[in-house]
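# Breakdown of the fold
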Amino acid sequence: MSVSSLKLDITGSLSTKDTELVEKAYEFARKAHEGQRRLSGEDFIEHPLAVAKILAEMEGDAVTLAAALLHDTVEDTEVSLQDIEKEFGSEVAKLVDGVTKLARIEFKSPVEEQVSNLRKMFLAMAEDWRVVVIRLADRLHNLRTLYALSPEKQKATAEETLEIYAPLAHRLGIWRFKWELEDLAFKYLHPEEYRSLAHSIARHRSHREAEAAMVMAALKQRLIRAGIPAEVQSRAKNLYSIYRKMQRQGKALSEIYDLIAARVIVNTVPDCYEVLGICHTLWKPVPGRFKDYIAMPKPNGYQSLHTTVVGPLGEPFEIQIRTREMDRTAEYGSAAHWRYKEGSRGDKGFEEKMAWLRQLLDWQREMTDAREFMEALKLDIFNDEVFVFTPKGDVIDLPVGATPLDFAYRIHTDIGNHCVGAKVNGKMVPLDYKLQNGDIVEIIVNRQSGRPSMDWLDIVKTPSARSKIRQFFKKELRDEDILRGRTQLEKELLKAGLKPDCLDDEEIRERVLERLRFTDFEDVYAAIAYGGLSPVHVASRIKEEVQKKTPPAPEQALPPKIEAPAKPRGPEDSVIVKGMRDLLVRLAHCCNPVPGDPIIGYITRGRGVSVHRLDCPSLENFKDRERFVEVSWDENSRGAYPSSIEVIAHDRPGLFADITGILAKAGANILSASAKGNSDGTAFINVTFETHDLEELKRLTRQMRDVRGVTEVRRVARPSRAI
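Before going into details, it helps to say that this report is about the structure given with it. Sequence order as written defines residue numbering, which begins from 1 separately in each chain. Residue-level local features of this predicted model are given only where pLDDT is at least 70; pairs of side-chain atoms are given and counted only at 80 or more, and the full residue set underlies all totals for whole chains, interfaces and linings. Just so you know, side-chain values use all the structure's heavy atoms and leave hydrogens and water out.

Residue placement: alanine 252 occurs in the loop between α13 (239-249) and β2 (260-266). Along the primary structure alanine 252 and isoleucine 242 are separated by 10 residues, whereas in three dimensions their C-alpha atoms are 10.0 Å apart. Only DSSP runs of H or I covering at least 4 residues are called helices, and only runs of E covering at least 2 are called strands; the numbering of each starts at the N terminus.

Here it is as structure tokens:
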């Protein structure tokens, strides 16, 4: 690729002055990246040039193209943001800064780094949405050259694209980006499925293309007779959309009928509806498959008429009808008008389309945990949607699974806080009712007695609603929250082996606050209480800072000492509590854990830590979840542990002797044994014996299953008493 191809794209669409700005940005970037090469082997400048060309094909403005050419200079060269601002002005510099990753900050985990970069992008996007369009073009070209990366990096990039960037393109309505991002990511994330689907579609394409040609020819002829100027074209559904539809609906490829659709582009909205009538006179419409996105546009601005008809070959066939302006918006979404170039910064329609971004920024400030942010991002912003109506007919879009409470908080925080009930389609429904497409929702409010409940946090599905509920309790119960949150954190610090007074160290406090993005520890305590922060997460951050500040103890030569005889180690000595030894520990008799069993500890009152198997039925009776503690087996310890098993068999002479004989041969000490026969010929044998670990126990039970007549051998929770 050469700069001449970029010049060719912008000739005629940009003024001479704007063209000079783009050329200057190219020369600046070329010199900055001189000598650098990409993993694919090409000169590094080829990447920013390709990104700029993608945006030029969308008729991007000069500032956007200049920023696209310069977008990697601050991140990958010695050029500073101040250099960019000095040479190209503050507008270009802000776009470059918004796209630049936080590469020079040390992060604890890849997720934390990913979230920090996304937060920065969204904040910059709120000021100028061109930031995210540049980032999408950058990601698209990176995917086009993904073959040069390792398989692990390919999969990670593809997964992030399907989870974040393709849905973001969908939100902005930039279908041209969305389809290619999805298909390229699909190719690397599921290569076998991609190749298989592509091959199957290629085999059936001729049949579908023949039907599309017949539909288009008949439609063109009728439109000419009706005197309606129109462009008729075909559109092939992208591979990933087909794959998702097959997975979601459990259909075979032969059952997907919109692999190819006809698209009719006309001049006016009345022409759209007239063409729709012509289509329905030519072919029989399929009931329930008509969608009017002109009267009810999608939140990202998409408008079109969609109808499915029975085609000339007897199979369903989709037809889309839209104006040229709608078609441009469908292809380029929010980038269709490049509103900053046009100077229409007060575009009301555009502001409405970007409302979801402001909602995201509202609740993302409440979340400091990286993984929680990522999960909430995928749920609220990038999930499938349902469209519901207010009583006045306004359309509200919410994620699938949303409830009337989500609807109430989407309308206004005050409506949500004072909600006491909801009607859907004129009938009262519970607040956890899952809204469906087309529902008309009415919220009943009581400003005197209505107030949120903590239970609502388990009902709402959108992070924005959850954030507003937490905000209410944060303000109303702050003093109580601070005390409660401090108590929870102190418990976690003790579990982590730290004293609560470690927070008296001002330096540690400041470092922890900086990492958590808080300015005061009272806010941290309150956030723990109302669920905005995990006490385990905060305690781990404090422990890391304490360990950084605490120097390792110097090694000292110790005088030789006479070792006392080692005392016998009991079974309890083989358990380590959260990395600490010498704590009072006892193995629970209700489940008799042995080394190899997954275990958990429970802090009892005055009897130390009780160790249970994870599948122990008694755990359900422990209500105070904060008293559970992590425990593990000491690999160096080897003791004898009681285990109880029950054998069910067809009764016969010598059965009991055969079972106990297996234990005797293995040298296992039998603590108790009992046998009982039923009138139906079934025998039950219960034996409690000592074993050394789970593997030995499994080996003995396998041998018992091989005994003639035995139908079942199972481990029982409580040891049996001999009779």
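Next comes the rest of the account.
Here we take up the pattern of salt bridges. The rule for a salt bridge is simple: a side-chain nitrogen of Lys or Arg has to be within 4 Å of a carboxyl oxygen of Asp or Glu. Taken as a whole, this structure holds 29 salt bridges when the rule is applied. The shortest N-O distance in the salt bridge between arginine 130 and glutamate 91 comes to 2.7 Å. On the criterion of sequence distance, the pair formed by arginine 130 in helix α9 (residues 130-144) and glutamate 91 in helix α7 (residues 90-99) is long-range, its members being 39 residues apart. The class of arginine 130 is buried, set by a relative accessible area of 1%. In this structure, the salt-bridge partner of glutamate 545 is arginine 515, at a minimum N-O distance of 3.3 Å. Within this pair, whereas glutamate 545 is found in helix α26 (residues 535-549), its partner arginine 515 is found in helix α24 (residues 506-516), the two being separated by 30 residues in sequence. Given a relative accessible area of 2%, glutamate 545 falls into the buried group. Under the scheme applied here, a residue whose accessible area is under 20% of the maximum for its type counts as buried, over 50% as exposed, and between as partly exposed, the area being computed with a 1.4 Å probe on protein chains only. Overall, arginine 515 belongs to the partly exposed group, its relative accessible area being 24%. Taken together, the shared-partner salt bridges connect Glu507, Arg511, Arg515, Arg541, Glu544, Glu545 and Lys548 into one network.

Take the environment of glutamate 325 next. For glutamate 325, the position within the fold is in helix α15 (residues 324-332). Relative accessible area serves as the criterion here: at 44%, glutamate 325 is assigned to the partly exposed category. As for glutamate 325 and glutamine 303, which are separated by 22 residues in sequence, their C-alpha atoms are 9.4 Å apart.

Helix-helix packing: each pair is described by the crossing angle between the helix axes and the interaxial distance. With their axes 9 Å apart at the nearest point, helix α3 (residues 46-57) and α9 run at an angle of 120° to one another. By the angle between their directions, the pair α3 and α9 is classed as oblique. Crossing of α3 over α9 shows right-handed handedness. Along the contact surface, α3 presents Glu46, His47, Ala50, Val51, Ile54 and Leu55, while α9 presents Val133, Ile134, Ala137, Asp138, Leu140, His141, Asn142 and Arg144. When residues are grouped by polarity, Ala, Val, Leu, Ile, Met, Phe, Trp, Tyr, Cys and Pro land in nonpolar, Asp, Glu, Lys and Arg in charged, and all others, Gly among them, in polar. When the residues that make up the contact of α3 with α9 are grouped by side-chain class, the tally is 8 nonpolar, 3 polar and 3 charged. Interaxial angles span 0 to 180 degrees and are taken between N-to-C directions of axes, which are lines fitted to C-alpha atoms, for helices over the stretch in contact. Throughout this description, any angle smaller than 35 degrees is read as roughly parallel, any larger than 145 degrees as roughly antiparallel, any in the 65 to 115 degree range as roughly perpendicular, and the remainder as oblique. What makes a crossing left-handed is the near helix being turned counterclockwise from the far one by less than a right angle; a clockwise turn instead makes it right-handed. Residue contacts follow a heavy-atom distance rule, with two residues in contact if any of their heavy atoms lie within 4.5 Å.

The geometry of an aromatic ring pair comes down to the distance between the two centres and the angle between the two planes. Ring geometry is summarised as follows: Phe, Tyr and Trp rings, the Trp one being its six-membered ring, pair when their centres sit within 6.5 Å, and such pairs are stacked at plane angles under 30 degrees, edge-to-face over 60 and tilted between the two. All chains considered together, the criterion is met by 10 aromatic pairs. Where tyrosine 293 meets tyrosine 302, the ring centres are 5.9 Å apart and the plane angle is 70°; that geometry is what we call edge-to-face. One exposure class covers both tyrosine 293 and tyrosine 302, and it is buried. A network of ring pairs unites the aromatic residues Trp175, Trp179, Tyr293 and Tyr302 as a single cluster. Two conditions define a charge located above a ring, namely a distance within 6 Å from the ring centre to NZ of Lys or CZ of Arg, and an angle within 35 degrees of the ring normal. A cation sits over an aromatic face here: lysine 24 above phenylalanine 88, 5.1 Å from the ring centre.

For two strands to pair, DSSP has to find at least two bridges joining them. Strand order across the open sheet formed by 5 strands is β1-β2-β5-β4-β3, with mixed pairing between neighbours. At either end of the open sheet lies a strand with only one pairing partner, and these are β1 (230-236) and β3 (291-292). Bridge analysis of strand β4 (residues 305-310) against strand β5 (residues 316-323) gives 6 bridges, and the strand direction is antiparallel. Paired with valine 309 across the two strands is phenylalanine 317, which belongs to β5.

What follows is about helix α2 (residues 16-32). The length a helix should cover is 1.5 Å for every residue beyond the first. For α2, spanning 17 residues, the distance from its first C-alpha to its last is 24 Å, which sits close to the expected 24 Å at 1.5 Å a residue. Among all positions in α2, only Thr19, Val22, Ala25, Tyr26 and Ala29 are buried. For α2, the arc enclosing every buried residue in end-on projection is 120°, short of the 170-degree limit, so these residues lie on one face. When the buried face of α2 is taken as reference, the exposed residues oriented beyond 90 degrees from it are Thr16, Lys17 and Lys31. By construction, the arc corresponds to the directions joining the helix axis to the C-beta atoms.

Here the focus is the sheet that holds strand β10 (residues 441-445). Strand order in this open sheet of 3 strands is β9-β8-β10, and the pairing throughout is antiparallel. Either end of the sheet is taken by a strand with one partner, and the two such strands are β9 (427-429) and β10. Taken over all neighbouring pairs, the strand axes of this sheet differ in orientation by 40° on average, direction set aside. Here strand β8 (residues 419-424) runs beside β9; their pairing, made up of 3 bridges, is antiparallel. For lysine 423, the partnering residue across the bridge sits in β9 and is methionine 428. Along the sheet face, helix α20 (residues 404-411) touches β8, β9 and β10 and points at about 80° away from the line of β10.

The next thing to look at is the nonpolar core. With 69 residues, the main nonpolar core has Leu55, Ile84, Val92, Phe177 and Leu197 as its most contacted residues. Other than its neighbours up to four places away in sequence, leucine 197 contacts Phe186, Leu239, Ile242, Tyr243, Met246 and Leu253. In this text, buried Ala, Val, Leu, Ile, Met, Phe, Trp, Tyr and Cys residues form a nonpolar core when linked through side-chain atoms within 4.5 Å. Residues Val594, Ala683, Leu694 and Leu700 belong to the second largest nonpolar core, which totals 31 residues.

With that out of the way, let us pick up the pairing of β8. Of the pairings in the sheet, the one linking β8 to β10 comprises 5 bridges and is antiparallel in character. Counted as the bridge partner of alanine 422 is isoleucine 443 from β10. Where β8 folds back onto β9 in an antiparallel hairpin, the turn is made up of 2 residues, including asparagine 425, whose phi is positive at roughly 55°.

It is worth spelling out the pairing of strand β13 (residues 599-603) at this point. Counting buried positions along β13 yields 4 of 5 residues, so the element is predominantly enclosed. Relative to strand β14 (residues 609-613), β13 runs antiparallel, the two being bridged by 5 bridges. In the strand pairing of β14, isoleucine 603 is matched with valine 609.

Glancing now at unusual backbone geometry. One non-glycine residue, glutamate 59, lies in the positive phi region at around 60°. Given the relative accessible area of 40%, glutamate 59 is considered partly exposed. Positive phi is not limited to glycine here, since asparagine 425 has a value of about 55°. Structurally, asparagine 425 is set in the loop between β8 and β9.

Where two cysteines share a covalent bond between their sulfur atoms, that bond is called a disulfide. Pairs of cysteine sulfur atoms within 2.5 Å are identified as disulfides in what follows. If you walk through the whole model with that rule in mind, you get 0 disulfides. With no disulfide of its own, cysteine 590 lies 3.5 Å from the sulfur of cysteine 616, the closest cysteine sulfur. Assessed through its relative accessible area of 12%, cysteine 590 is described here as buried.

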